[in-house]
Amino acid sequence: MRLKLFFIVLCLLVQSCNSQKKATPEQEQILEDAKANFVFVEGGAFTMGKNGVSIAREHQVTLDSYSISKYETTWEEFDVYSELNDLELVYPNYRNQDDMGPDFGAIGMNWFLAKAYCKWLGEQLGLPIDLPTEAQWEYAARSRGLDVEHATNSGKIEGGINDNYGVDTKVGIYPPNPLGIYDMSGGRPEWTNDWAVIYPDEPIENPRYDTIDVRKDKIIRGFHKLSNSVYIRSSREPEQDGFGGGFRCVCNQKTPIE
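Computed from a predicted structure; not experimentally measured. (Residues numbered from 1 in each chain as written. Predicted model: local features only at pLDDT ≥ 70, side-chain atom pairs only at ≥ 80, totals over all residues. Heavy atoms only, no water.)

What is the right way to look at helix 5 (residues 134-141) in this model?
An α-helix turns once per 3.6 residues; consequently, residues spaced three or four apart project the same way. With 8 of 8 residues buried, helix 5 is to be regarded as a mostly interior element. Those residues of helix 5 that fall on the buried side of the exposure criterion are E134, A135, Q136, W137, E138, Y139, A140 and A141. (Buried < 20%, exposed > 50% of the residue type's maximum accessible area, 1.4 Å probe, protein only. Helix = DSSP H or I, 4+ residues; strand = E, 2+ residues; numbered from the N terminus.)

So, in structure tokens, the structure goes:
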């Protein structure tokens, strides 16, 4: 399984490197905007998970600093990747729908495409960009490990403007969490880099579960739930692309992006 995944991702990356077109000024600006939209997350220790929630038992995690995109990857951003690498656009026949505009979170990417996009973006910007690990995702959603149920400005889902039901709206419409990151509750469910594993009992530093042979599903985080949306874990086989999921990227650099 791991060898199969390696070759699929490698093929996507090699295709991007070998056949890429020259970006237009407009496309270069989209890439620069994507770079500017990363939010620095200072590392630290936190209690990941929440006992009694799904399979998210509490355990101690320490993370290095990193940066994460304040928005889910949009159609505009992902289409630049597709166009420059002469790839077929995703869902081209549905772009006239109300929730499929350029500023909406992109959907329909399997894990391989999401991974390839983040790695490609890193190549364009000269930065170590990838999908977030599950720990990076949760730490950022909880604004560096706060004890909250939702990644909103208040930590709650309330009626009106702060209901954060952002699936059918443009990215960034609802208030961000205290770190300034949007739609990690109520937006698209998002791919992470990790295989679905049981959390360890012992404390762990910078956990990565992307080289596990015995698992078949990748973890997805950020499903809309009325409670504990920053803790709920779900998973899909990495080949799946039809569940409405999206993704955002992280930069694994310990200092802020300049």
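And the narrative resumes.
Please explain the nonpolar core as it appears in this structure.
Within soluble globular proteins, side chains that are nonpolar tend to cluster in buried spots. Residues F78, Y117, L121, I129 and F247 are the most contacted members of the largest nonpolar core, which totals 37 residues. Looking at this core, the elements that each hand over two or more residues are helix 2 (25-36), helix 3 (75-84) and helix 4 (111-125). Looking at this core, the element that brings in the most residues is helix 4, giving 10 residues. With sequence-adjacent residues up to four places away left out, F247 is seen in contact with E72, T73, F78, M109, A114, Y117, C118, L131, E190 and W191. (Core = buried A, V, L, I, M, F, W, Y, C linked by side-chain atoms within 4.5 Å. Contact = heavy atoms within 4.5 Å.)

What is the right way to read the sheet that holds strand 10 (residues 250-251) from this model?
Backbone hydrogen bonds are what pair the strands of a sheet, in a parallel or an antiparallel way. Ordered in space as 1-4-10-5, the 4 strands form an open sheet in which the pairing is antiparallel. Looking along the sheet, the strands with just one partner apiece sit at the ends: strand 1 (38-41) and strand 5 (129-130). The sheet contact formed by strand 1 and strand 4 (residues 66-69) spans 4 bridges and is antiparallel. Within the sheet, the bridge partner assigned to V41 lies in strand 4 and is Y66. (Pairing = 2+ DSSP bridges.)

Can you walk me through the state of the cysteines in this structure?
As used here, a disulfide is simply a covalent bond connecting the sulfur atoms of two cysteines. This structure, assessed with the given rule, holds 1 disulfide. In this model C118 forms its disulfide with C249; the gap between the sulfur atoms is 2.1 Å. Taking the sign of the torsion about the S-S bond as the criterion, the disulfide between C118 and C249, at about -85°, is left-handed. Taken as a pair, C118 in helix 4 and C249 in the loop between strand 9 (233-236) and strand 10 lie far apart in primary sequence, 131 residues in all. For the pair C118 and C249, a shared accessibility class is recorded, and that class is buried. (Disulfide = S-S within 2.5 Å.)

Before we go on, may I ask you to explain a negative patch on the surface in this structure?
Where like charges cluster on the molecular surface, the negative patch consists of E28, E32, D33, E76 and D103. By residue number, the principal contributor to the negative patch is helix 2, which donates 3 residues. Note on placement: E28 falls in helix 2. Judged by relative accessible area, E28 falls into the partly exposed class, the value being 38%. (Patch = residues over 30% accessible without salt bridge, like charges linked within 9 Å, V, L, I, M, F, W, Y side chains within 5 Å. Areas by Shrake-Rupley, 256 points an atom, 1.4 Å probe, with all protein chains shown as cover. Salt bridge = Lys/Arg side-chain N within 4 Å of Asp/Glu carboxyl O. Lys, Arg positive; Asp, Glu negative; His and termini not counted. Charge placed at Lys NZ, Arg CZ, Asp CG, Glu CD.)

I tried to follow the sheet that holds strand 7 (residues 204-205) on my own but got confused; where do I start?
In spatial order, the strands read 2-3-7; together these 3 strands make up an open sheet with mixed pairing. Strands with a single pairing partner mark the edges of an open sheet, and in this sheet they are strand 2 (44-48) and strand 7. Taken together, the 5 bridges between strand 2 and strand 3 (residues 59-63) define a ladder with antiparallel strand orientation. Residue pairing in the sheet places G44 in a bridge with L63 of strand 3. Relative to the sheet, helix 5 contacts strand 2 and strand 3, its axis offset from that of strand 2 by approximately 95°. (Axes fitted to C-alpha atoms, helices over the stretch in contact; angles between N-to-C directions.)

Before we go on, may I ask you to explain helix 2 in this structure?
For helix 2, built from 12 residues, the straight-helix expectation of 16 Å at 1.5 Å per residue is met to within 8% by its first-to-last C-alpha distance of 16 Å. Residues of helix 2 that are buried: Q27, I30, L31 and A34. Around the axis of helix 2, the buried residues are gathered within 95° of arc, so they sit on the same side. What points out from helix 2, more than 90 degrees from its buried face, is the exposed set P25, E26 and A36. If you follow the buried residues of helix 2, they end up packed against strand 1, helix 3 and helix 4. (Expected span 1.5 Å × (residues − 1). Arc of directions from axis to C-beta.)

Got a minute to help me understand the pattern of salt bridges in this structure?
Oppositely charged side chains can form a pair if their charged atoms are brought close together. As enumerated under the stated definition, the model contains 12 salt bridges in all. Measuring nitrogen to oxygen at the nearest pair gives 2.6 Å for the salt bridge that ties R95 to D79. Of this pair, R95 sits in the loop between helix 3 and helix 4 while D79 sits in helix 3, placing them 16 residues apart in sequence. Sharing partners across several salt bridges, the network here consists of E134, E138, R142, R221 and R233.

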